[in-house]
Amino acid sequence: MKPLKCGIFWGALFAVSAVLSAEGLVDAIEFGDAASEQAHRIQPVLSEVFDGALNLNARRLLPEKEANWRGGKLTFNMKVDPAKPNYFTVKFWGNDTCGEQQHEARLCLYIEGKQLGTRHLGMIDMLDIMQAGKVRYPGRFLYTTRPLPIHMTQGKSEVEITIEGQGGINGYASKIEDYQKSMTEPSRGIYRAYVHTNPCFEPPETEVQGAPPAHLPLRPASGSELIDRLKTELNELSEREMARSGKKHELNIQYLARAYTTPWNAAYKNPKALERIVDAIDIHGLDYQKTGKVTGKRWFFLGPIGDAIRLTADDLTPWLNEKVPETQTVRRTLWADLMVASRNHNSSVAGEARRSLSNQCMIKDLNTYYCNLALRRIEPSKAWPEENARRMLYEAVGLEPFSGSWDENGHPDWSKGKNHMLLTEQGLTREFGYVGGYGEIISESGLGIYEATKPAPDQEGDPRIKAQLIKMIRARAPFRYPLVDKEGYRSMNLETLIGWRDWKYPGDVIYDQYNGRDSGPFDVAVATGDPVLLGYGQQMLEDRQYFAALKERMEDSRINYKTYLLSVPETYEKNTKLPQLPHRLPMSEGQPDFVFSDPGDGVLAFKDGGNIFYASLYWRSRRCINNLARVHYMTPQLERDSIVNIKTRFKDSGNVFTYPERTNLLFSRGRAEKWYTNQGIYQAMTGVEFPIAEVTGVDSYEIGDEHLQAGKGQLYQMEYGPYFIAMNCDETETFRVELPAAFVGAKELVSGQWAASSLANLKPGRTIVLRRDLKREP
């Protein structure tokens, strides 16, 4: 088979000007309308017509009677433009969700019988992923757009399209039987489908549209009785932990140590708690002495024990010089050997190497640091110098370049080169591009890192880390937008649609920070005293979402969730005693228009009147330049989810990445590809060649490897709807950008100035956003 060049495949690399100026609807089908369906030669399988939203007809796909991950499907023919790049858009109702039993439901798109895109985190996403209870856009329609491969439309006037209902996935499963779930419920309603050549689909004016809800209700008022219940539950948990002797999981040890230092808890300064902690650590130490193996949860290992030691060290002094019962081993020596082993294992190539993804690095380095802190308290001669250990934390939070894995003496290998930063200058994580859920873990691990540097609980921690922690949380504030929670109440939700590592749309309810495992709302705000973050916390209280979040954390039975609930009574009390602060999340209704741009991640967020716009211009291009962007564009009337062609300028290495025969993501581990091909599912992109950008400063890189430089452009340009966007991601070079004629004289939203000419000099790290219909009066 002759290789297909990506410039021809997407029509983006060599024909962008044609894409940007293209207009027009090529074809449309109205599902449930007999005449329209007949004209498109529809072949429905396990499908039914039903009365949909706003008195419109629609179809939905049904599950098989016997358990099967594949359900019903619709196959039909659509006209295409034989020369221009084509897009396929489907109209869905924004209120649709699947039930808790299904948990997740998917719609997969096929062209000429071949699957378009990959099933998990690919550059072309599934046509639709619907989550249990999660409304996409209440009262309005959602339009989802995917690019059709030009090598499959060029020279043709018509193509065959199939939409198939499928079950959800477990993105972390290593076996296919755990990864792929059955389809058990009907799909989302499918109203219309369109083929068009304009990247931003504009529905015909005659189409029926919804409207935003006149009023989004607040949750019923909740009181602080949940705080009282939390205290009761955690006191009971502490009593059980103190009563239970013998071996404990390292996370149970950490819980008991934190309860031992929490004044309101039953374990506070309780000798029985300290005795249980000592006995449990002894068992871990003897296990290591016997086997020589470091145990514990991946990335954590025995860091939680290190945390327990450093928190209780002052009261442990009488125990440390004793011999462990029934042995000749001095406890101080046994524990020190355990901490050295875990510290070195969690940070070295010989053990479990440091990770270069931001969230993973923070988790690992914090637990490595806990072990070193324990050594400083019980056996200082075996601890790394604090300057070295603190440098590891600086790297994890993006203050200094990531130095790679360390040897047992704390010497780094610089495996990513000497200039690799784990955060962007704006404060977002660098996990290739923007990430939603994983990016929020910085509030958990970042807070742990800051608090670990405090000389005492009531003292300030490292000032550089504190400032960086505030910067990180503030940088994520534009990525919360108004929506509703699972019960239909007013909320702010996380932007995940444009996330590289996200597949749950929409994201969870979130205000100041993630409601997670190691921390929750108010924690960073109270720890740092930052008035902006504290204001975001007050907004959560105003929306009555705080206690819903707390209840969700309390329902998780895992011990590490319980550990970080111990601080809730104090942080809640401090937040409620604050005076009213003016700061609210930027995308909130009534807040001023703004533009947030981060060229480090190639991501953009802006608020323009009633419009909310998110885009990853650097989009899931792990191995190559793909000339694609993911756009999430919400207006008062409708929501758009689009993957579109854009123009990318980059330093061409001359090498190419040839897309393999895979319908699942390339890093899918044990999810056997043959399982899909054996069922007759093949990839529409197989054989397409994508250019690879220059990769420099890294000795270990091979063509086709995942690498940030391989798929990152210097300059991105996109016209979408009324907007023209150009982003310079280069650190040194200024680019001359030619504006489309329609945007000359238009308002530039970043600076507020007017585009006086057709050329713009875009300096390093700068972004421009022009709005076509806003022009200065002559």
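As a starting point, this report considers the structure included with it. (Residues numbered from 1 in each chain as written. Predicted model: local features only at pLDDT ≥ 70, side-chain atom pairs only at ≥ 80, totals over all residues. Heavy atoms only, no water.)

**Describing the overall build of the chain**
Phase 1 of the analysis: Summing up its helical and strand segments, the chain has 20 helices and 29 strands in all.
Phase 2 of the analysis: At 28 Å, the chain has a C-alpha radius of gyration in line with the 28 Å of a compact globule built from 778 residues.
Phase 3 of the analysis: When the backbone C-alpha atoms are referred to their principal axes, the chain occupies close to 85 × 60 × 55 Å.
Phase 4 of the analysis: Out of the 778 residues in the chain, the part that is buried amounts to 61%.
Phase 5 of the analysis: Pairs at least 24 residues apart make up 72% of the contacts formed inside the chain by residues separated by at least 6 positions.
Phase 6 of the analysis: By element, 49% of the accessible surface of the chain is carried by carbon and sulfur atoms, the whole surface being about 30,100 Å².
Phase 7 of the analysis: Computed over 96 positive and 100 negative side-chain charges, the inter-centroid distance for the chain is 1 Å. (Helix = DSSP H or I, 4+ residues; strand = E, 2+ residues; numbered from the N terminus. Rg over C-alpha atoms; globule rule 2.2 N^0.38 Å. Buried < 20%, exposed > 50% of the residue type's maximum accessible area, 1.4 Å probe, protein only. Contact = heavy atoms within 4.5 Å. Areas by Shrake-Rupley, 256 points an atom, 1.4 Å probe, with all protein chains shown as cover. Lys, Arg positive; Asp, Glu negative; His and termini not counted. Charge placed at Lys NZ, Arg CZ, Asp CG, Glu CD.)

**Comments concerning the environment of Ser-642**
Phase 1 of the analysis: For Ser-642, the position within the fold is in strand β20 (residues 638-645).
Phase 2 of the analysis: Residue Ser-642 is classed as buried on the basis of its relative accessible area, which comes to 1%.
Phase 3 of the analysis: Separated by 189 residues in sequence, Ser-642 and Thr-453 place their C-alpha atoms 44 Å apart.
Phase 4 of the analysis: Setting aside chain neighbours within four positions, we find Ser-642 in contact with Thr-145, Arg-146, Pro-199, Ala-629, Arg-630, Val-631 and Tyr-720.
Phase 5 of the analysis: At 2.7 Å, the side chain of Ser-642 and the side chain of Tyr-720 are in polar contact. (Polar contact = N/O pair within 3.5 Å; in protein donor to acceptor, adjacent residues only side chain to side chain.)

**Topic: the pattern of salt bridges**
Phase 1 of the analysis: Under the counting rule described, the total for this entry stands at 58 salt bridges.
Phase 2 of the analysis: For Arg-192, the salt bridge goes to Glu-30, with nearest N and O atoms at 3.3 Å. Here Glu-30 lies in strand β2 (residues 25-30) and Arg-192 lies in strand β13 (residues 190-196), a separation of 162 residues in the sequence.
Phase 3 of the analysis: Residue class for Arg-192 comes out partly exposed when judged on its relative accessible area of 25%.
Phase 4 of the analysis: Glu-30 sits in the partly exposed class, given a relative accessible area of 26%.
Phase 5 of the analysis: For Arg-474, the salt bridge identified is with Asp-530, shortest N-O distance 2.7 Å. A residue pair is termed long-range when its members are at least 10 positions apart, and Arg-474 in helix α13 (residues 463-476) and Asp-530 in the loop between α14 (523-528) and α15 (531-542) qualify at 56 residues.
Phase 6 of the analysis: For Arg-474, a relative accessible area of 37% puts it in the partly exposed group. (Salt bridge = Lys/Arg side-chain N within 4 Å of Asp/Glu carboxyl O.)

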